[in-house]
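What follows is the residue order along each chain.
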Amino acid sequence: MRAAVFHGAGQPLEVTEVPTPVPGPAEALVRVAACGVCHTDLHYIDHGTPTFKPPPIILGHEISGTVAGLGSGVTSLHEGDRVLLPAVLTCGHCTLCRTGRENICEQSRMLGNNLDGGYAEYVVAPAKDLFALPDGVPLIESAIIADAITTPYHAVVRRGRVVPGDWMVVFGCGGVGLNLVQMGTVVGARVIAVDLSEQKLDWARQFGAEVRLNPSKVDRLDREIRRFTGTGADVAFEAIGKSATQEQAFASVRTGGRVVLVGFNPEALALNPGRIMFREIEVLGSLGCRPVDYPRVIELARQQRIKVVELVTHRYRLDQIHQALDTLRSGEAIRAVVIP
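Along each chain, numbering runs from 1 in the same order as the chain's sequence is written. Only residues with pLDDT of at least 70 get local features here, since the model is predicted, and only at 80 or more are side-chain atom pairs given and counted; chain-wide, interface and lining totals rely on the full set of residues. Side-chain descriptors were evaluated using all non-hydrogen atoms of the structure, hydrogens and water having been removed beforehand.

Trainee: What exactly am I supposed to notice about the nonpolar core here?
Mentor: Taken as a class, soluble globular proteins show a tendency for nonpolar side chains to be buried jointly. For this analysis, a nonpolar core means a set of buried residues of the types Ala, Val, Leu, Ile, Met, Phe, Trp, Tyr and Cys, connected via side-chain atoms within 4.5 Å. Only protein chains enter the accessibility calculation, which uses a 1.4 Å probe; a residue whose area is less than 20% of its type maximum is buried, one above 50% is exposed, and one in between is partly exposed. Counting residues in each nonpolar core, the largest one holds 49 residues, and the members touching the most others are I149, M168, M183, F237 and I306. Of all the secondary structure elements, the ones that give two or more residues to this core are β3 (27-37), α3 (150-159), β11 (167-171), α4 (175-186), β12 (190-194), α5 (198-206), β14 (233-238) and α9 (294-302). Runs of H or I in DSSP of at least four residues are treated as helices and runs of E of at least two as strands, each being numbered from the N terminus. Looking at this core, the element that brings in the most residues is α9, giving five residues. Counting 42 residues, the second largest nonpolar core, distinct from the first, contains V67, L85, A127 and A324.

Here it is, written out as structure tokens:
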């Protein structure tokens, strides 16, 4: 099969022939229909973040496709079934899995990180982890549900605990940020979108943001947020992964509010612990999504309560993977997919 192979940081992916994987017991072979192009891949390629499996490795973790083969003992799937693969595979046995925190499984394995991923014609995964895609849910565009949509669902519903009528503010309106906006709107929140890009703010409007703020055009962002909300946002989400914007998110919430960190930031963060204590502000991390919630998000897509097709603005062949990554770097796409 053909695949785009990662050989190390600073090196272009190599589109080449590699052996087609063979499903073992309890596994399924999936013919990849599409794989979403995610900033996580740029962390490996551009910024030197190491993959758990040393290169060479096939990147890509937002995968949809059809079942092409089954290992022994698999009875829950059939060849030809339309499926979605979660970005992270869980063990089901550790303490976190058994207490409903599967998204932070102690033995989790990520496609395109621990295991070969979806920038390829085929991928193998445990059959238990695959989710059926019902009729009415587009196969190619649904690849991005695997991370770009489910991660915001978990952040908004599970970690942020957003309820109807809440004021929530989203810092960063890239692919994940726009879906934070969209999920907030679905659960009935009043959403403020913050970004330096007027194009992204316009996208945020299309996905339900009631208020759009460009920090370069206001004197004090936290004061501007309070002008709309009165006392500050009930919940703030940071989807960029920069200390400065995470500190802005913290400054924007009301007494008793919550700050949810969705963007990855390896740097130190300066927050006032006295303010956290005296105002009972919660600062929460949010990673991925619990497997049990994937069918809920897929159902939202089937009911067309969330937009999926509109999120995929660019589509590329596998041999155009470098163009796809450049599009991601430039910020000109909401979301791009590679179609092997």
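Trainee: Where do I start with the packing of aromatic side chains in this structure?
Mentor: Centre distance and the angle of the planes are the two values used to describe a pair of aromatic rings. In this analysis, rings of Phe, Tyr and Trp, with Trp reduced to its six-membered ring, are considered paired at centre separations within 6.5 Å, and the interplanar angle assigns stacked below 30 degrees, edge-to-face beyond 60, and tilted for intermediate values. Considering all chains together, one arrives at one aromatic pair under this definition. A ring pair is formed by F131 and Y294, whose centres lie 5.0 Å apart and whose planes are at 5°; its orientation type is stacked. Here F131, found in strand β10 (residues 131-132), pairs with Y294, found in helix α9; they are 163 residues apart in sequence, far enough to count as distant. The aromatic ring of F228 is capped on one face by R227, whose charged end is 4.6 Å from the ring centroid. A cation over a ring is seen here: K307 above F207, with NZ or CZ 5.2 Å from the ring centre. In this analysis the charged atom, NZ for Lys or CZ for Arg, is taken to sit over a ring once it is within 6 Å of the ring centre and within 35 degrees of the ring normal.

Trainee: Could you clarify how one ought to interpret unusual backbone geometry in this entry?
Mentor: Of all residues except glycine, most have a negative phi; of all peptide bonds, most are trans. Of note, the amide linkage connecting P55 to P56 takes the cis form, showing an omega dihedral of 5°. Inspection of the secondary structure assignment puts P56 in the loop between α1 (39-47) and β4 (57-58). Positioned with a positive phi, A26 is a non-glycine residue whose angle comes to about 70°. With respect to the secondary-structure elements, A26 resides in the loop between β2 (14-17) and β3. Owing to a relative accessible area of 45%, A26 belongs among the partly exposed residues under this scheme. One non-glycine residue, E280, adopts positive backbone phi at about 50°.

Trainee: Even after reading the chapter, I still don't get α1, so can you show me in this structure?
Mentor: Burial in α1 covers these residues: D41, L42, Y44 and I45. Down the axis of α1, the smallest arc covering the buried residues is 160°, so these residues share one side. Note on contacts: a residue pair is in contact if any heavy atoms of the two residues lie within 4.5 Å. Those residues of α1 that are buried lie in contact with β1 (2-6), β3, β8 (109-110) and α10 (321-330). The first or second residue beyond α1 is G48, which carries a positive phi of 80°. To obtain the arc, one takes the directions from the helix axis to the C-beta atoms.

Trainee: Any chance you could explain the environment of Y153 here in plain terms?
Mentor: Turning to its location among the elements, Y153 is positioned in helix α3. In the structure, Y153 is positioned 29 residues away from Q182 in sequence and 9.2 Å away in space, judged by C-alpha atoms. Apart from residues no more than four positions distant in its own chain, Y153 is found in contact with R158, M183, C289, D293, R296, V297 and L300.

Trainee: What exactly am I supposed to notice about the sheet that holds strand β13 (residues 211-213) here?
Mentor: Note: strands within a sheet are paired through backbone hydrogen bonds, in either parallel or antiparallel orientation. DSSP bridges decide pairing: two strands pair if at least two such bridges lie between them. Read from one edge of the open sheet, six strands run β13-β12-β11-β14-β15-β16, paired in parallel fashion. Because the sheet does not close on itself, it has two edges, and the strands there are β13 and β16 (282-285). If you compare each strand with its neighbour and ignore which way they point, the axes differ by 20° on average. Pairing of strand β15 (residues 253-261) with β16 involves four bridges; the strand directions are parallel. By the bridge assignment, V260 is partnered in β16 with L284. Its contacts with the sheet place α4 against β11, β12 and β14, and it is angled at close to 170° to β11. In this analysis, axes come from line fits to C-alpha atoms, helices being fitted only over the stretch in contact, and the angle between any two N-to-C directions falls in the range 0 to 180 degrees.

Trainee: Help me understand α9 in this model?
Mentor: The α-helix advances 3.6 residues per turn, and as a result positions three or four apart in sequence lie on the same side. Those residues of α9 not exposed but buried are Y294, V297, I298, L300 and A301. All buried residues of α9 fall inside an arc of 155° around its axis, so they share one side. Against the buried residues of α9 lie β6 (82-85), β10, α3 and α4.

Trainee: What exactly am I supposed to notice about the pattern of salt bridges here?
Mentor: Opposite charge on two side chains permits pairing when their charged atoms draw close. A carboxyl oxygen of Asp or Glu within 4 Å of a side-chain nitrogen of Lys or Arg is what we treat as a salt bridge. Under the criterion given, the structure shown has 18 salt bridges. One salt bridge in this structure joins E141 and R315, with 2.9 Å as the shortest N-O distance. Here R315 lies in strand β17 (residues 312-317) and E141 lies in the loop between β10 and α3, a separation of 174 residues in the sequence. Between E198 and K217 there is a salt bridge whose closest N-O contact spans 3.0 Å. Highlighted residues: E198 in helix α5 and K217 in the loop between β13 and α6 (221-229), separated in sequence by 19 residues. Salt bridges here are not isolated pairs; linked through shared partners, they connect R158, R290, D293 and R296.

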